[in-house]
Amino acid sequence: MYAASFDYQRPTTIDEAIALLAKHGDDAKVLAGGHSLIPAMKLRLARPRIVIDIARIANLSEIRESGGRIAIGALATHRAVETSALLNSKCPVLSEAASVIGDVQVRNKGTIGGSLVHADPAADYPAAILALDAEVEVAGPGGRRTIRAADFFVDLLQTSLAADEILIEVRVPATARTVAYVKTEQKASGFALAGVAVVAGADGIRIGVTGVAATAYRAAAAEQVLAGQSSPSTETIALAASRAADGVEPLNDIHASADFRAHLARVNTRRAIEKALARG
Ligand SMILES: Cc1cc2nc3c(=O)[nH]c(=O)nc-3n(C[C@H](O)[C@H](O)[C@H](O)COP(=O)(O)OP(=O)(O)OC[C@H]3O[C@@H](n4cnc5c(N)ncnc54)[C@H](O)[C@@H]3O)c2cc1C
């Protein structure tokens, strides 16, 4: 099906894009890589009257280190995240998650900003972003603000980004090397049935889970079992993993039952913890 007709705008600066969003309100949608928005428009699930293509805004796809963190521009493609030497050496869990997104075409066009704002419950990055305790910088008519990952994902396809704001960059620690991302994917698309990111550091082991519930979450009950332990035993890891779906309501759809998703969350949590600690 073709998308309903729309006007197309191509701002070259962030300020211009924000002004267009402010002017057109709910009639407008930002376009980045187009790999979620365009399918939604073709299915008429989204019918924006104005499409604001931000792909030509300069400097929004850089990946650079600054003050102990790595800043990833919103327009960095999944492929750029996958192959970034900086991320691979200092924060490889994001590259690992990016490397298993969809297929080569999706990775070449899709962007980290688009994926985070779309907030698909089965997207890969949210698990890593939560486990990294990352933050995102957004810009709107009132200026810029920083949102912690824990406060960013609100519900199915919903974030705390306001309608007139644009995600500018994601910031992750430049010291997260004891990490792993393990997912079981839906074979046709690659989307996660259960994807688990683990980041182990001096302050403990953080676990982000995607694909299982309406929104990605931190597996708090599992983290609690591991609290204060830098090299947990096999039994402790198994106990922690058994809590990976505690307190969440797993999705139940044609791709996987709720029970199966919860099971995959537990299995992949154990595998991801073991993989991360073996690397550390
Ligand atoms: C066949 C297929 C398989 C896929 N498999 C996977 C997979 O395995 N794992 C996975 O994680 N994803 C998967 N995806 C989704 C893919 O990663 C998309 O690229 C991503 O979800 C959206 O990024 P985008 O840059 O294409 O955003 P767009 O489609 O351009 O935009 C998505 C949404 O975000 C908004 N937006 C975009 N950028 C910004 C910004 N900077 N500020 C504010 N709002 C913004 C748009 O208005 C829109 O609402 C798949 C997609 C396809 C088509």
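Worth saying up front: this structure is predicted, and the values here are computed from it rather than measured. (Residues numbered from 1 in each chain as written. Predicted model: local features only at pLDDT ≥ 70, side-chain atom pairs only at ≥ 80, totals over all residues. Heavy atoms only, no water.)

**Student:** Is there a simple way to explain the pattern of salt bridges in this structure?
**Tutor:** A side chain of one charge can pair with a side chain of the opposite charge when the charged atoms of the two come close. Across all of its chains, the model carries 20 salt bridges by this definition. Here Arg64 ties to Glu62 by a salt bridge, and the two come within 3.7 Å at their closest N and O atoms. Taking the relative accessible area as the measure of exposure, Glu62 reaches 38% and is therefore partly exposed. With a closest N to O distance of 2.9 Å, Lys90 and Glu65 form a salt bridge. On the criterion of sequence distance, the pair formed by Lys90 in helix H4 (residues 85–90) and Glu65 in strand E4 (residues 63–66) is long-range, its members being 25 residues apart. Using a relative accessible area of 23% as the deciding quantity, one classes Lys90 as partly exposed. Shared partners join several salt bridges into a network, and the residues in it are Glu62, Arg64, Glu135, Glu137, Arg144, Glu169 and Arg171. (Salt bridge = Lys/Arg side-chain N within 4 Å of Asp/Glu carboxyl O. Buried < 20%, exposed > 50% of the residue type's maximum accessible area, 1.4 Å probe, protein only. Helix = DSSP H or I, 4+ residues; strand = E, 2+ residues; numbered from the N terminus.)

**Student:** Would you explain the packing of aromatic side chains in this entry?
**Tutor:** Each aromatic ring pair is described using two quantities: the centre-to-centre distance and the angle formed by the ring planes. Counted according to the given criterion, the structure contains 1 aromatic pair. Measuring from ring centre to ring centre gives 5.2 Å for Phe152 and Phe153, while their planes differ by 85 degrees; the resulting arrangement is edge-to-face. Both residues of the pair, Phe152 and Phe153, belong to the buried class. (Phe/Tyr/Trp six-rings, centres within 6.5 Å; stacked < 30°, edge-to-face > 60°.)

**Student:** I'm lost on the site of the ligand in this one. Help?
**Tutor:** In the vicinity of the ligand lie 30 residues, with Val30, His35, Leu37, Thr111 and Asp124 positioned nearest. At 2.5 Å, a backbone N or O of Val30 approaches an oxygen atom of the ligand. At 2.7 Å, a backbone N or O of Leu37 approaches an oxygen atom of the ligand. Elements with a contribution of two residues or more to the shell around the ligand: strand E2 (28–31), helix H7 (112–118) and strand E10 (166–173). Ranked by the residues each element gives to the shell around the ligand, the list is headed by H7, at 4 residues. Looking at the shell around the ligand residue by residue, the classes come out as 14 nonpolar, 13 polar and 3 charged. (Near = heavy atom within 4 Å. Polar contact = N/O pair within 3.5 Å; in protein donor to acceptor, adjacent residues only side chain to side chain. Nonpolar A, V, L, I, M, F, W, Y, C, P; charged D, E, K, R; others polar.)

**Student:** Would you mind showing me how to read the side chain of Arg171 here?
**Tutor:** With respect to the helices and strands, the residue Arg171 is situated in strand E10. Using a relative accessible area of 15% as the deciding quantity, one classes Arg171 as buried. At a separation of 3.3 Å, a polar atom in the side chain of Arg171 contacts the side chain of Thr146. Filtering out sequence-adjacent residues up to four positions away, Arg171 remains in contact with Arg69, Ile70, Ala71, Ala134, Glu135, Glu137 and Thr146. (Contact = heavy atoms within 4.5 Å.)

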